[in-house]
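An overview of the molecular structure
In case you want the letters, here they are:
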Amino acid sequence: MADEDVSPQSSYHRDAIKTSVHNTSAQRRRQLAVAVGKERREALIRTKRLCREALFDDNEASLEGNMNIDEERAVLNAQASQIIEDLKSAMTYQGKGAAQKKVEALRAVRRLLSKSEIPPVKAALQAGAVPLLVQCLSFGSPDEQLLEAAWCLTNIAAGEPEETKSLVPALPLLVAHLGEKSSVPVAEQCAWALGNVAGEGDELRNILLAQGALLPLARLMMSDKGSTARTASWALSNLIKGPQPNAATELIRIKGVLDAIIQHLRNLDDELATEVAWVIVYLSALSEAAVSLLVKSDVVHLLVEKLAASESLQLLIPVLRTLGNLVAADSYMTDMVLVVGHNTTNQILLGLIKCLKSEHRVLKKEAAWVLSNIAAGSVGHKELIFSSEATPLMIHLLSSAPFDIRKEVAYTLGNLCVAPAKNAEQPSIIVHHLVALVNRECISAFIHLVRSADIQSAKLGLQFLELVMRGMPNGEGPKLVEREDGIDAMERFQFHENEEMRNMANGLVDKYFGEDYGLDE
């Protein structure tokens, strides 16, 4: 994931330590950041969006409620075929009022594609909608016509994958209308359509990037008009989401982009800040060049302010995701920005504690993820977390929360117990942290992880048991593990198909309980 011209700070990654919990989370999370970010986004906000504003006249009657889905679909399909035929007629009409006739036909198409939960996109495509709409996008056409045509394409692009792919012939004109020759409303609607196309997947994203969509979308994101900046930011987040870092690196290097990000984060518009925060999620997940610029700007401070002050679930998720990405990716973030004792560091910790207390499951999980990356840092950062309210909250979540949250919390608590290792050395144990966790009955929770079907979680549980058996004072560790049936949990891997897990578990049993343990039973 190396980019050109990356500073020494941004190329620094904490290596995973196989024999302990330590810093496994930082590198693991760095690699999974894009996939997890995409999962979070799609759980809350559709990657593609149907454009529904101002769709109906007051006297329009909805078909819904008067017929079942199959009946409604049949009626809508028939209407689509007829309306596309009407558009064809309007396109060839040369008499008085020809321009208005074309706009009215386009408006009828747009309304039909917008007013139902099952828009008849397939029927419209089969009737030949795309070539007509592309023709309606030609430069020199009235703005009203351009806007209606782009709106129709936006809603076609919000459909099924094959429906979205049918818009490839329209992409060059949609990209071209992002430029200065088009009015702001037309450019914004085209950006919306392109955002839907980019949301479909890598193939269409690559086509859009090859056709030059990145630069004009970036310029639209710099707009002072809130709706334009929001739409462009959303489209950009779909366009750069990877998995390759090239687009993210190119975006952050466009003059004015970083300044626009900072300006929009300072804005009181939470919806705008949310869309911009998703852009930063993918910048920080994919591009080391972007990370290096972001951590040395005001972005971190502004994100921390949002974390502390906002109650918006939609905003807090990308804020947490970005902060976690930055901590995992760049030592400058922990060494120079999250300095123990500084206000920014205290603010982020308080914000994370707020999220751990939240009723929203996703916030708890994201907050624990960020804490796991901070806890993979210096001893000072570990002490800061350990001495805060976050630790008792996480101990409670370790035994009571849903599995995915328990897993994230376990990474953090495990990282609190080991000091950073030098080179390939085995990390030393922070004994008073480990003892405190054991005294709070954390061993049984980690043994539950060992018994889980998830291999990563089971490995994490084994790593913590290793810390207990190696690090507890007076050699008490093995007895404590045995008392909690830890040996039985480890022995499930005695003949396991996963060689790493088999060797790890058998090695721990042999080392701390003897090679002949259990043979006489």
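Please read these numbers as outputs of a predicted model, since none were measured by experiment. (Residues numbered from 1 in each chain as written. Predicted model: local features only at pLDDT ≥ 70, side-chain atom pairs only at ≥ 80, totals over all residues. Heavy atoms only, no water.)

1. Notes on the overall build of the chain
Regarding its fold elements, the chain presents 30 helices and zero strands. Every one of the 521 residues in the chain was classed for burial, and the buried ones make up 56%. Counting only contacts in the chain whose residues sit at least 6 apart along the sequence, the fraction spanning at least 24 positions is 74%. Accessible surface computed for the chain: about 22,200 Å², of which carbon and sulfur atoms make up 50%. (Helix = DSSP H or I, 4+ residues; strand = E, 2+ residues; numbered from the N terminus. Buried < 20%, exposed > 50% of the residue type's maximum accessible area, 1.4 Å probe, protein only. Contact = heavy atoms within 4.5 Å. Areas by Shrake-Rupley, 256 points an atom, 1.4 Å probe, with all protein chains shown as cover.)

2. Things to note about the environment of E484
Within the secondary structure, E484 is located in the loop between α28 (477-483) and α29 (486-491). Linking E484 and I443, residues 41 residues apart in sequence, is a C-alpha distance of 7.4 Å. The residues touching E484, leaving out its near neighbours within four places in the chain, are I443, S444 and I447.

3. Regarding unusual backbone geometry
At E441, a residue that is not glycine, the phi angle is positive and equals roughly 65°. Residue placement: E441 occurs in the loop between α25 (431-439) and α26 (443-450).

4. Things to note about the environment of G377
As for its placement among the helices and strands, G377 is situated in the loop between α21 (361-374) and α22 (379-386). Once the C-alpha coordinates of G377 and S331 are considered, the two residues, 46 residues apart in sequence, prove to be 8.5 Å apart. Every residue in contact with G377, bar those within four places of it in the chain, is listed here: K382 and P420.

5. Re the nonpolar core
Formed by 171 residues in total, the largest nonpolar core has its most connected members in L251, L283, L323 and M490. The element that contributes the greatest number of residues to this core is helix α15 (residues 270-286), accounting for 11 residues. The contact partners of M490, leaving out residues within four places of it in the chain, are V450, L462, L465, M469, V481, A505, L508, V509 and F513. (Core = buried A, V, L, I, M, F, W, Y, C linked by side-chain atoms within 4.5 Å.)

6. Observations regarding empty space enclosed by the protein
One water molecule sets the probe size; rolling that probe over the atoms shows where empty space is left. Counted according to the given criterion, the structure contains one cavity of 30 Å³ or more. Considering only enclosed or pocket space, the largest cavity measures out at about 50 Å³ in volume. Contributions of two or more residues to the lining of the largest cavity are made by α20 (343-356), α21 and α22. Grouping the amino acids of the lining of the largest cavity by side-chain chemistry returns eight nonpolar, two polar and no charged. (1 Å grid on protein atoms, 1.4 Å probe; cavity = no way out; pocket = protein on both sides within 12 Å on 5 of 7 lines; lining within 4 Å. Points joined across faces, edges and corners; volume = space filled by probe spheres on them. Nonpolar A, V, L, I, M, F, W, Y, C, P; charged D, E, K, R; others polar.)

7. Regarding the confidence of the model for the chain
Low-pLDDT portions of the prediction should not be read for the details of their coordinates. For the chain, the average pLDDT comes to 86, and 86% of its residues sit at 70 or higher. Below a pLDDT of 50 lies the segment residues 33-46, which in the model reaches 32 contacts outside its immediate sequence neighbourhood of four places, other chains included. (pLDDT = per-residue confidence, 0-100.)

8. Examining the packing of helix α23 (residues 390-400) against helix α24 (residues 403-416)
It is at 9 Å that the axes of α23 and α24 come closest, and there the two elements cross at 135°. The angle between the axes of α23 and α24 places the two elements in the oblique class. In the packing of α23 onto α24, the handedness of the crossing is left-handed. Each of T391, M394, I395, L397, L398 and S399 in α23 lies in contact with α24, whose residues at this interface are I405, R406, V409, A410, T412, L413 and L416. Considered class by class, the residues forming the contact of α23 with α24 number nine nonpolar, three polar and one charged. (Axes fitted to C-alpha atoms, helices over the stretch in contact; angles between N-to-C directions. Parallel < 35°, antiparallel > 145°, perpendicular 65-115°, else oblique. Left-handed = near helix turned anticlockwise from the far one by under 90°.)

9. Quick look at helix α12 (residues 226-239)
Its 14 residues give α12 an end-to-end C-alpha distance of 20 Å, which sits within 8% of 20 Å, the value for a rise of 1.5 Å per residue. With 12 of its 14 residues buried, α12 lies for the most part within the structure. Those residues of α12 that sit buried are S227, T228, A229, T231, A232, S233, W234, A235, L236, S237, N238 and L239. (Expected span 1.5 Å × (residues − 1).)

10. Remarks on the pattern of salt bridges
If you walk through the whole model with that rule in mind, you get 19 salt bridges. E162 is the partner of K165 in a salt bridge, and the nearest nitrogen-oxygen pair spans 3.8 Å. Within this pair, K165 and its partner E162 are both found in helix α7 (residues 161-165), separated by three residues, close to a single helical turn. Classification of K165 as partly exposed rests on a relative accessible area of 31%. (Salt bridge = Lys/Arg side-chain N within 4 Å of Asp/Glu carboxyl O.)

11. Some points on the packing of aromatic side chains
Applying the stated criterion across every chain, the model contains two aromatic pairs. Over the ring of Y93 we find K101; its NZ or CZ atom is 5.5 Å from the centre of that ring. (Phe/Tyr/Trp six-rings, centres within 6.5 Å; stacked < 30°, edge-to-face > 60°. Lys NZ or Arg CZ within 6 Å of the ring centre and 35° of its normal.)

12. Details of helix α6 (residues 143-157)
Over its 15 residues, α6 extends 21 Å from the first C-alpha to the last, a length consistent with the 21 Å expected when each residue adds 1.5 Å. Counting buried residues in α6 gives 12 out of 15 residues, a clear majority hidden from the surface. Turning to α6, its buried residues number three or more, namely Q145, L146, E148, A149, A150, W151, C152, L153, T154, N155, I156 and A157. Structurally, α6 contributes buried residues whose contacts are with α3 (98-114), α4 (121-126), α5 (129-136), α7, α8 (171-176) and α9 (184-198).

13. Let's talk about the packing of α25 against helix α27 (residues 455-471)
The relative placement of two packed helices comes down to the angle between their axes together with the axis-to-axis distance. Where α25 contacts α27, the axes come no closer than 11 Å and their chain directions differ by 110°. Here α25 lies roughly perpendicular to α27, going by the angle between them. Taken as a pair, α25 and α27 cross one another with a handedness that is left-handed. Where α25 approaches α27, its residues V431, L434, L437 and V438 are matched on the opposing element by F464, L467, V468 and G471. Here the residues of the contact of α25 with α27 sort into seven nonpolar, one polar and no charged.

14. Focus on the environment of A505
Relative to the helices and strands, A505 resides in helix α30 (residues 499-513). With relative accessibility at 0%, the residue A505 sits in the buried group. For the pair A505 and R492, spaced 13 residues apart in sequence, the C-alpha separation works out to 8.6 Å. Once you skip the residues sitting within four places of it in the chain, A505 turns out to touch L462, M490 and F493.

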